[in-house]
Amino acid sequence: NTGKSLLVQRLTGARTRVADYPFSTVNPVPGMLRYQDIYFQLIDTPPLSPEAPQFVTRVAGIARNADAVMVVVSLEDDPVRQYEMVRDLLAEHGVLIEKPRGMVRIERGGATGIEVVVRGRILDGTVSDVEKLLASYRIYRARVIVEGEVTLDDIEMAIFRNTTYKPAIVVANKLDVEGARERYMELYRYLEARKDKSVWLIPVSALKGVNLDK
């Protein structure tokens, strides 16, 4: 009930289902947003919430295949709590919206043994340690791609789950409601205080059309 369906409708003209009760969106609805001579496809998804677990895997899958993620939070309620909930649910399904210090991708198979491509640094080990780690899980043919700074624990986690990073914009909607500006500043300070400022933030009112041009 953050107003994301109305936001997508106002930005694209798509026939999204707009209702004043939660979980009204049950199927993805695409729309095309034009900016100058470029068209962006926005997809209004079902809600991402532990109260609607039937949608979580599906929405995470859509996010995994997207170029970027727009997280819509409502300024009627605590936006920090909403943001953390969405971020953590996506992370549990291997989609990161805060840029990590490093990433690991493991491509299994191949004609040769273990190939380790390091485009950064393994903080607590060597290529030999990576080969031993994979061998302990009976993986003898794979390509391990390391980007940025990672640990052996990060590499071990990548064996079980393929994690991907998606750039994110947080849209704080309902700027028109009472107390919205104070709650927006709480979210602004929260994101500013984080060491990694990879997440963009913009306040809007889909109802009043505030900042939709931005």
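Here the residue index of a chain counts from 1 through its sequence in written order. Residue-level local features of this predicted model are given only where pLDDT is at least 70; pairs of side-chain atoms are given and counted only at 80 or more, and the full residue set underlies all totals for whole chains, interfaces and linings. Based on all heavy atoms of the structure, the side-chain values leave hydrogens and waters out of the count.

Asks: Can you walk me through the overall build of the protein chain in this structure?
Replies: Helix numbering and strand numbering both begin at the N terminus, where a helix is a DSSP run of H or I of at least 4 residues and a strand a DSSP run of E of at least 2. A tally of regular secondary structure across the protein chain gives 6 helices and 10 strands. Here the C-alpha coordinates of the protein chain stretch approximately 60 × 40 × 35 Å along the principal axes. The buried label goes to any residue with under 20% of its type's maximum accessible area, the exposed label to any with over 50%, and the partly exposed label to all in between, with areas taken from a 1.4 Å probe on protein chains only. Of all 214 residues assigned to the protein chain, the portion counted as buried reaches 41%. Here the open area of atoms and residues is found with the Shrake-Rupley method and a 1.4 Å probe, where only the protein chains shown may cover a residue. Of the roughly 12,500 Å² of accessible surface on the protein chain, 50% is carried by carbon and sulfur atoms. Charged residues are defined here as Lys and Arg on the positive side and Asp and Glu on the negative side; His and the ends of the chain fall outside this count. Where a charge lies is defined by one atom per residue type: Lys uses NZ, Arg uses CZ, Asp uses CG and Glu uses CD. The positive charge centre, built from 30 side chains, and the negative charge centre, built from 29, are 4 Å apart in the protein chain.

Asks: Got a minute to help me understand a nonpolar patch on the surface in this structure?
Replies: Nonpolar side chains collect at one region of the surface, where Tyr-35, Ile-38 and Phe-40 lie side by side and expose about 300 Å² of accessible area between them. Counting through the fold element by element, Tyr-35 comes out in strand β1 (residues 29-35). Residue Tyr-35 is classed as partly exposed on the basis of its relative accessible area of 47%. Each patch is assembled from residues with relative accessible area greater than 30% and no salt bridge, linking like charges that lie within 9 Å and nonpolar side chains (Val, Leu, Ile, Met, Phe, Trp, Tyr) that lie within 5 Å. When a carboxyl oxygen of Asp or Glu is within 4 Å of a side-chain nitrogen of Lys or Arg, the pair counts as a salt bridge.

Asks: I'm lost on the environment of Val-150 in this one. Help?
Replies: Secondary-structure assignment places Val-150 in strand β7 (residues 142-150). Spatially, the C-alpha atoms of Val-150 and Gly-102 are 5.2 Å apart, while their sequence positions differ by 48 residues. Two residues form a contact once any of their heavy atoms are found within 4.5 Å. The residues contacting Val-150, other than those within four sequence positions of it, are Gly-102, Met-103, Val-104, Arg-121, Ile-122, Leu-123 and Ile-155.

Asks: Any chance you could explain the sheet that holds strand β3 (residues 69-74) here in plain terms?
Replies: Within a beta sheet, neighbouring strands are joined by backbone hydrogen bonds and run either parallel or antiparallel to one another. Note on pairing: DSSP must find at least two bridges between two strands before they are called paired. The strand order across the open sheet built from 3 strands is β3-β9-β10, with neighbouring strands paired in parallel fashion. Of all strands in the sheet, those with a lone pairing partner are β3 and β10 (200-203), marking the two edges. Averaged over all adjacent pairs, the angle separating strand axes in this sheet is 20°, with direction ignored. Bridge count for strand β9 (residues 168-173) against β10 is 4 bridges, and the pairing is parallel. By the bridge assignment, Ile-169 is partnered in β10 with Trp-200. Seen against the sheet, helix α6 (residues 180-193) touches β3, β9 and β10 and runs at an angle of roughly 170° to β10. Lines are fitted to the C-alpha atoms to define the axes, a helix being fitted only along its stretch in contact, and any angle between axes, read from their N-to-C directions, falls within 0 to 180 degrees.

Asks: Would you mind going over the packing of aromatic side chains with me for this structure?
Replies: The pairing test for Phe, Tyr and Trp rings, Trp by its six-membered ring, is centres within 6.5 Å, and the orientation test on the planes gives stacked under 30 degrees, edge-to-face over 60, and tilted for anything in between. Under the counting rule described, the total for this entry stands at 3 aromatic pairs. For the pair Tyr-83 and Tyr-190, a centre-to-centre distance of 6.2 Å together with 70° between the ring planes defines the contact as edge-to-face. Remark: Tyr-190 occurs in helix α6 and Tyr-83 occurs in helix α3 (residues 79-92); sequence separation between them is 107 residues. In this structure Tyr-83 comes out as buried when scored by relative accessible area, which is 0%. Between the aromatic rings of Tyr-184 and Tyr-188, the centroid separation amounts to 6.4 Å while the plane-to-plane angle is 35°, which identifies the pairing as tilted. Here Tyr-184 and its partner Tyr-188 are both found in helix α6, 4 residues apart, which amounts to about one turn of the helix. What makes Tyr-188 partly exposed here is its relative accessible area of 35%.

Asks: It is not clear to me how the nonpolar core should be interpreted in this structure. Could you clarify?
Replies: Note that soluble globular proteins tend to have their nonpolar side chains buried in a common cluster. Here, the term nonpolar core denotes a set of buried Ala, Val, Leu, Ile, Met, Phe, Trp, Tyr and Cys residues that are joined through side-chain atoms within 4.5 Å. Counting 28 residues, the largest nonpolar core has Tyr-83, Leu-90 and Leu-187 as the members making the most contacts within it. Looking at this core, the elements that each hand over two or more residues are α2 (53-65), β3, α3, β9 and α6. Of all hydrophobic cores here, the second largest spans 16 residues; its members include Ile-122, Val-130, Leu-133 and Val-150.

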